[in-house]
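Here is how the chains run, residue by residue.
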Amino acid sequence: MPPTKEIIFKGIAASPGVVIGKTFLFDREEDVVIERKITKAEIPMEIMRLEEALIKTRKEILQIQKKIAKGMGAEHAEIFNAHLMVVEDRALIEEVIKHLEKDRKSVEFIFQQTAQKYAKIFDSMEDEYLKERASDVQDVGRRILHNLIGRKRQDLSTLKEEVVVIAYDISPSDTALMHKEKVVGFSTDVGGRTSHTAILARSLGIPAVVGLHDVSREIRGGMKVVVDGNRGLLILNPTKSTLKKYGEERTRIEILEERLTHLKDLPAETTDGYRITLAANIEMPEDTPSVLYHGAKGVGLYRTEFFYMNRSDLPSEEEHFQAYKKVAEQIKNESVIIRTLDLGGDKFLSHLQVPKEMNPFLGWRAIRFCLERLDIFKVQLRAILRASAYGDLKIMFPMISGVGEVRRAKEIVEEVREELRKEKIPFDEDIEVGAMIEIPSAAMIADLLAKEVDFFSIGTNDLIQYALAVDRVNEKIAYLYEPTHPAVIRLIRNTVQAAHKEGLWVGMCGEMASDPASVLILLGMELDELSVSSALIPEIKKVIRSVSFKEVQQLSKDVFNYATAEEVQQKAMELLERVAPELVVK
Ligand code: PEP
Ligand code: MG
């Protein structure tokens, strides 16, 4: 029996926004294939059916690929090359034929068994890339099976009414075909903030919660839910008061959005004229129109991991170059900070033969990886430098833990610059190079690091997890993940002061910069730049424009002596309530 009481499921906030809607349970039905005996004479016919199903499936995949390439860019369509490889996998087909002859069962039955066996083998592999292939085999296998038995696959492109899609996972092909106007939100059992589904949800602007474990088993179609993409909640059977609360929040968001649109061209400036830079975080070139639309001053963090995801080869220098050039040209007069590859941790798996580690967040990742795999690092650096001739680009290194890493990384940049000079390829000779401050050791030695780089950007997502020893994707200990913890506040203050002493500017590109109450403290600590998701720019600008520098300076002075995260948070909330009550999420 499906539950009838209100249940709140906590997942990972994947895409912001709030929506109330009816559930559409996607693709949870298992394919039941009856075991049917066949005669020897029927075998050629069954093989023919298999060949026809394969041809049809191949056509379908090519069509989806085309549609995606047109709508979302060629790099998204690449994912389907792996799907095509499954259809064309002779070993799989031979095995089906072998069993047809041996077992004399219908082709759909044999095929389903063989595909499941294949998927299991991939799934049990150590290598993360091969492990990923299991989901390709499952996805394509179901497609082939549906074509064999003539069952129409559930399709998100033909939805008739607005729904919240609830699924175990939503494959790239399903997301791409989704009828955008009808899907108002979605939630999935699996996935992290940087999973494919999450990234696509953000670029489609649909509120989404992922990583909800086995929620899709508890829900039936047609049930009422609230998707709270801001807090990472899925609320099933919301009570009247929950509905009222979220109804009000939606109205508040809509009115606010409407009211905030006029801020687009106004500076991020306090009531007494203290100005900072309010920039946007992006993940791919397709995000730039939103940066411009929301009036961000440039890009404070361009996460380049997306390039390396869901593909079986490495991006070429030309691909990198075209992407960075496009962003540089579109952003025109503002700067774009390109972060070099930050692979590892929760980011994504790779086909790069990265060994499995006990503690991936503390492991061979980001700059550590790049400094060993110079072949990969240099390709990206060459492309960034080449693209710097077309706009104001900056280079930023992730996961810096000490001075040695910065020096080594800068040496590599210099080697690449020298190569380009020799090849007479133009680039910006004055390109700024910065370090992310996201490891406590870096924040502690910010004075030493400040002598090595041109700017800092504080990555609080990681800084908090390392400072407090709280895994940022573990929902069990999420209550300990406190941005306003006095240790975090001190690390930030130390970083800002050290940077300013050395004449460096310092920004923040972690999620803390998009929390209105925290923004007041950060302003008071004199950060020079805040970089947040484009959609949140108006709200954060409103916070900044509602308060005086005097007030925030006093706030940050006060909270510095507080003993707990709650006290710091409460003090900041008091000021927020006073200066911008409409932004307080209760
Ligand atoms: C951070 O750690 O705060 C950050 C901005 O980087 P990411 O979330 O990509 O690790
Ligand atoms: Mg980080």
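Refer to the preceding data block for the structure.
Within every chain, residues take consecutive numbers counted from 1 along the sequence as written. For this description, chains carry letters from A and ligands carry numbers from 1, given in the order in which they are written. Local features in this predicted model are restricted to residues of pLDDT 70 or higher, and side-chain atom pairs are both shown and tallied only at a pLDDT of 80 or more, whereas totals for entire chains, interfaces and linings draw on every residue. Values shown for side chains rest on all heavy atoms present in the structure; no hydrogens or waters enter the calculation.

Novice: Got a minute to help me understand the overall build of the protein chain in this structure?
Specialist: Secondary structure elements are taken from DSSP: a helix is a run of H or I of four residues or more, a strand is a run of E of two residues or more, and numbering for both begins at the N terminus. For the protein chain, the count of helices and strands is 23 helices and 16 strands. Two things to know: the radius of gyration comes from C-alpha atoms, and the globule rule equals 2.2 Å times the number of residues to the power 0.38. Relative to the compact-globule value of 25 Å for 586 residues, the protein chain shows a C-alpha radius of gyration of 26 Å, a close match. Dimensions along the principal axes, computed over C-alpha positions, put the protein chain at roughly 85 × 70 × 40 Å. Taking all 586 residues of the protein chain together, 55% fall into the buried category. Only protein chains enter the accessibility calculation, which uses a 1.4 Å probe. A residue is then buried if its area is under 20% of the maximum for its type, exposed if over 50%, and partly exposed in between.

Novice: Got a minute to help me understand the coordination of the magnesium ion (ligand 2) in this structure?
Specialist: Under ideal tetrahedral coordination, the four donors around a metal are separated by 109.5 degrees; under ideal octahedral coordination, the six donors are separated by 90 or 180 degrees. Distances up to 2.8 Å from the metal define which N, O and S atoms are donors, and 3.2 Å serves for Na, K and Ca; water is absent from the atom set, so sites may look incomplete. E438 (OE) and D462 (OD) make up the full set of protein donors to the magnesium ion (ligand 2), lying at 2.0 to 2.1 Å. Taken together, the positions of E438 in the loop between strand 13 (432–437) and helix 16 (440–444) and D462 in helix 18 (residues 460–468) put the pair 24 residues apart, joining distant regions of the chain. Note on accessibility: E438 and D462 belong to one class, buried.

Novice: I'm lost on the sheet that holds strand 7 (residues 224–228) in this one. Help?
Specialist: One key point about sheets: their strands pair by backbone hydrogen bonds, in either a parallel or an antiparallel sense. For two strands to count as paired, DSSP must find a minimum of two bridges between them. Pairing in this open sheet of 8 strands is mixed, and the strands run 1-8-7-3-4-5-6-2 from one edge to the other. Strands with a single pairing partner mark the edges of an open sheet, and in this sheet they are strand 1 (7–10) and strand 2 (12–15). The sheet shows a mean angle of 30° between the axes of neighbouring strands, taken without regard to direction. Of the pairings in the sheet, the one linking strand 2 to strand 6 (residues 208–210) comprises 3 bridges and is antiparallel in character. Across the sheet, residue A13 finds its bridge partner in strand 6, namely V209. Two residues form a contact once any of their heavy atoms are found within 4.5 Å. The angle between two axes is taken between their N-to-C directions and runs from 0 to 180 degrees, where each axis is a line fitted to C-alpha atoms and a helix contributes only its stretch in contact. Running at roughly 115° to strand 3 (residues 18–26), helix 10 (residues 240–260) makes contact with strand 3, strand 7 and strand 8 (233–236) of the sheet.

Novice: Honestly, helix 18 in this entry has me stumped. Any pointers?
Specialist: Note on helix geometry: an α-helix contains 3.6 residues per turn, so any two residues three or four positions apart are oriented the same way. Counting buried positions along helix 18 gives 8 out of 9 residues, so the element sits mostly inside the fold. For helix 18, the full list of buried residues reads T460, N461, D462, L463, I464, Q465, Y466 and L468. Among the structural elements, strand 10 (299–303), strand 13, helix 16, strand 14 (455–458), helix 19 (486–501) and strand 15 (505–508) are those in contact with the buried residues of helix 18.

Novice: Is there a simple way to explain the site of ligand 1 in this structure?
Specialist: Looking at ligand 1, there are 14 residues lining it, with R303, R339, G459, N461 and R472 nearest. Whenever a nitrogen or oxygen atom comes within 3.5 Å of another N or O atom, the pair is scored as a polar contact, on the condition that within protein one atom can donate a hydrogen and the other can accept it, and that pairs from neighbouring residues in sequence are kept only if both atoms are in side chains. Between ligand 1 and R303 there is a distance of 2.7 Å, counted from an oxygen atom to a side-chain nitrogen or oxygen. N461 is positioned such that a nitrogen or oxygen atom in its backbone is 2.8 Å from an oxygen atom of ligand 1. Relative to its unbound accessible area of 290 Å², ligand 1 is 100% covered by the protein chains. Of all the elements in the fold, those that place two or more residues in the shell around ligand 1 are strand 10 and helix 18. Here the shell around ligand 1 takes 3 residues from helix 18, the largest share from any one element. Taken together, the residues that form the shell around ligand 1 break down as 3 nonpolar, 4 polar and 7 charged. Nearness here has a simple test: a residue counts as near a molecule or strand if at least one of its heavy atoms is within 4 Å of that partner. Per-residue accessibility takes into account occlusion by the displayed protein chains alone, with areas from the Shrake-Rupley method and a 1.4 Å probe. Only Asp, Glu, Lys and Arg are considered charged in this grouping, and only Ala, Val, Leu, Ile, Met, Phe, Trp, Tyr, Cys and Pro are considered nonpolar; every other residue, Gly among them, is considered polar.

Novice: When you look at the environment of Y390 in this model, what are you seeing that I'm missing?
Specialist: Secondary-structure assignment places Y390 in the loop between helix 14 (374–387) and strand 12 (392–397). Assessed through its relative accessible area of 38%, Y390 is described here as partly exposed. C-alpha of Y390 to C-alpha of R365: the two residues are 25 residues apart in sequence and 30 Å apart in space.

Novice: Sorry if this is basic, but what is going on with the sheet that holds strand 10 here?
Specialist: Strand order in the closed barrel formed by 8 strands is 9-10-11-12-13-14-15-16, and the pairing between neighbours is parallel. Strand after strand, the sheet turns through a mean of 30° between neighbouring axes, direction not considered. When strand 14 meets strand 15, the two strands line up parallel, connected through 4 bridges. Opposite F455, over in strand 15, you have W505 as the bridge partner.

Novice: I'm lost on the pairing of strand 13 in this one. Help?
Specialist: Along any regular strand the residues' side chains alternate between the sheet's two faces. With respect to burial, strand 13 is a largely interior element, 5 of its 6 residues being buried. As paired strands, strand 12 and strand 13 are joined by 4 bridges and run parallel to one another. Of the residues in strand 13, the one forming a bridge with K394 is E432. Between the parallel pair strand 12 and strand 13, the chain is carried across by helix 15 (residues 403–422), and the sense of this crossover is right-handed. The pairing of strand 13 with strand 14 spans 4 bridges and is classified as parallel. The partner of I437 across the bridge, within strand 14, is I458. A right-handed crossover is one whose linking path, passing over the helix from the first strand to the second, runs clockwise when the strands point away from the viewer.

Novice: What exactly am I supposed to notice about the packing of helix 20 (residues 516–524) against helix 23 (residues 565–579) here?
Specialist: Geometry of a packed helix pair, given as the angle between the helix axes and the separation of the axes. Here helix 20 crosses helix 23 at 95°, and the two axes come no closer than 8 Å. Comparing the axis directions of helix 20 and helix 23 gives the class roughly perpendicular. Residues P516, A517, L520 and I521 of helix 20 form the contact with helix 23, whose own contacting residues are V568, Q569, A572, M573, L575 and L576. The class makeup of the residues in the contact of helix 20 with helix 23 is 9 nonpolar, 1 polar and no charged. The labels follow the angle: roughly parallel below 35 degrees, roughly antiparallel above 145, roughly perpendicular from 65 to 115, and oblique for the rest.

Novice: I tried to follow the packing of aromatic side chains on my own but got confused; where do I start?
Specialist: Any two of the Phe, Tyr and Trp rings considered here, Trp counted by its six-membered ring, make a pair once their centres fall within 6.5 Å; the pair's planes then place it as stacked at under 30 degrees, edge-to-face at over 60, or tilted in between. Scanning all chains against the criterion turns up 6 aromatic pairs. Ring centres of F321 and Y390 lie 5.9 Å apart, and the angle between their planes is 65°; on these two criteria the pair is classed as edge-to-face. Of this pair, F321 sits in helix 12 (residues 317–331) while Y390 sits in the loop between helix 14 and strand 12, placing them 69 residues apart in sequence. You can call F321 buried: its relative accessible area is 6%. We call a charge positioned over a ring when the NZ of a Lys or the CZ of an Arg lies within 6 Å of the ring centre and within 35 degrees of the ring normal. Taking the ring centre of F321 as reference, the NZ or CZ of R386 above it sits at 4.0 Å. Here the basic side chain of R490 rests over the ring of F560, its NZ or CZ set 4.8 Å away from the ring centre.

Novice: Help me understand unusual backbone geometry, please; the structure alone is not making it clear to me.
Specialist: Excluding glycine, residues mostly have negative phi values, and the peptide bonds linking residues are mostly trans. Unusually for a residue other than glycine, R104 sits at a positive phi of about 55°. Within the fold, R104 resides in the loop between helix 4 (90–103) and helix 5 (107–123). Even without being a glycine, H213 presents a positive backbone phi close to 60°. Looking at the secondary structure, you find H213 in the loop between strand 6 and helix 9 (215–218).

Novice: Sorry, what's going on with the environment of T23 here?
Specialist: Secondary-structure assignment places T23 in strand 3. For the pair T23 and I166, spaced 143 residues apart in sequence, the C-alpha to C-alpha distance is 6.4 Å. Here T23 is in contact with V164, I166, I219, R220, G221, G222, M223 and V225, once residues within four sequence places are set aside. Within the structure, the side chain of T23 is placed 2.7 Å from the backbone oxygen of R220, a separation counted as a polar contact.

Novice: Just to check I follow, could you spell out the pattern of salt bridges for this structure?
Specialist: In a structure, side chains of opposite charge can pair up when their charged atoms sit close to one another. Every case where a carboxyl oxygen of Asp or Glu lies within 4 Å of a side-chain nitrogen of Lys or Arg is listed as a salt bridge. Evaluated as defined, the whole model comprises 42 salt bridges. Across the pair E414 and R421 runs a salt bridge whose closest N-O atoms are separated by 3.1 Å. Residue class for E414 comes out partly exposed when judged on its relative accessible area of 35%. Overall, the relative accessible area of 29% leaves R421 in the partly exposed class.

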